[in-house]
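A closer look at the structure
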Amino acid sequence: MNLALRSVGSMLAPLLAMCLSHTATGAEPSQAPRPTGCGAYEYDISKEMALLTEPGAVIEAAASMKTADAALESGRTYRVALKGQGQVQLAVAPRRHVLEEGAYAGMVSFKVPADGTWRVSLSKETWAEVVAPDGAAVKSSRFQGREGCPAIRKFVDFPLLGGVIYVLQLSGGTDAEMNVVITGPVTAGP
């Protein structure tokens, strides 16, 4: 009997040590580290990275959808100056909870020249929504973000109609300005 207990004890000791090490470090055994850096994107973002590192034309974001008259053109880099989020009347509620205290937000209008999937790329962390003229949010078709890439923090793809004036709503970020570029149409593959 004593031999059986020792055998069970010797099998449990490594398992207990592993559990304690995860508890001590705060690591979850099933959580893999998130990929970081510019090379961690699963899609070809070389065009967007090149554009986002350009200085860009400086524009002021609007505080509401009605006053969003600073129009972005596709394929050009813009340095967008945002406002304190408390000063901005968001057109749509962000689809996830975003930072409110100390956050920045704003809106800019844009249109694309042709129907297709268009990519909104951002140099800083923020939540991006595209709002249609009827005030409804356009559902994104793909997105990806990576920390540790100074050129591009994230991109979001949206199915858009050519010639329609949309509003890009940025919210919940901690940076007062960021580079923004709209490119496309993009393909569904990497």
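The coordinates are above.
Let me sum up the structure you'll find in this document. Residue positions are given per chain, counted from 1 along the sequence in the order it is written. Only residues with pLDDT of 70 or above have their local features reported here, since the model is predicted, and side-chain atom pairs are shown and tallied only from 80 upward, although totals for entire chains, interfaces and linings are computed over all residues. Think of the side-chain values as coming from all heavy atoms in the structure, minus any hydrogens and water.

1. With respect to the side chain of threonine 126
Heads up, the rule is: Here a helix means four or more residues in a row that DSSP labels H or I, a strand means two or more in a row labelled E, and each is numbered from the N terminus. We call a residue buried when its accessible area falls under 20% of the maximum for its residue type, exposed when it is over 50%, and partly exposed in between, using a 1.4 Å probe and counting protein chains only. Nitrogen and oxygen atoms within 3.5 Å of one another constitute a polar contact, given that in protein one can donate a hydrogen and the other can accept it, and given that sequence-neighbouring residues count only through two side-chain atoms. Note on definitions: a residue-residue contact is assigned when non-hydrogen atoms from the two residues lie within 4.5 Å.
Among the secondary structure elements, threonine 126 is positioned in the loop between β6 (116-122) and β7 (127-131). Threonine 126 gets classed as buried once you look at its relative accessible area, which sits at 1%. Of the polar contacts made by the side chain of threonine 126, one reaches the backbone oxygen of serine 171; its length is 3.0 Å. Discounting residues that sit within four places of it in the chain, threonine 126 has contacts with Lys154, Leu170, Ser171, Gly172, Gly173 and Met178.

2. What to know about the pattern of salt bridges
Defined as follows: Whenever a carboxyl oxygen of Asp or Glu lies within 4 Å of a side-chain nitrogen of Lys or Arg, that contact is scored as a salt bridge.
Within the structure shown, the criterion is met by 8 salt bridges. Taking the shortest distance from any N to any O, the salt bridge between glutamate 42 and arginine 146 comes out at 3.5 Å. Linking glutamate 42 in the loop between α1 (2-25) and α2 (46-52) with arginine 146 in the loop between β9 (142-145) and β10 (154-160), this pair joins segments that are 104 residues apart in sequence. Assessed through its relative accessible area of 51%, glutamate 42 is described here as exposed. Looking at arginine 146, the relative accessible area reads 11%, which means it is buried. A salt bridge links arginine 153 to glutamate 125; the shortest N-O distance between them is 2.7 Å. Remark: glutamate 125 occurs in the loop between β6 and β7 and arginine 153 occurs in the loop between β9 and β10; sequence separation between them is 28 residues. Arginine 153 sits in the buried class, given a relative accessible area of 17%. Bridged by salt links that share partners, the residues Glu48, Arg119, Arg142 and Asp157 form one connected network.

3. Considerations on the state of the cysteines
Just so we agree on the cut-off: The disulfide criterion used throughout: a pair of cysteine sulfur atoms within 2.5 Å.
For the structure shown, the criterion picks out 1 disulfide. For cysteine 38, the disulfide goes to cysteine 149, at an S-S distance of 2.0 Å. In this structure, the disulfide formed by cysteine 38 and cysteine 149 twists by about 100° around the S-S bond and is classed as right-handed. Of this pair, cysteine 38 sits in the loop between α1 and α2 while cysteine 149 sits in the loop between β9 and β10, and the two are 111 residues apart along the sequence. According to the relative accessible area criterion, cysteine 149 is buried, its value standing at 6%.

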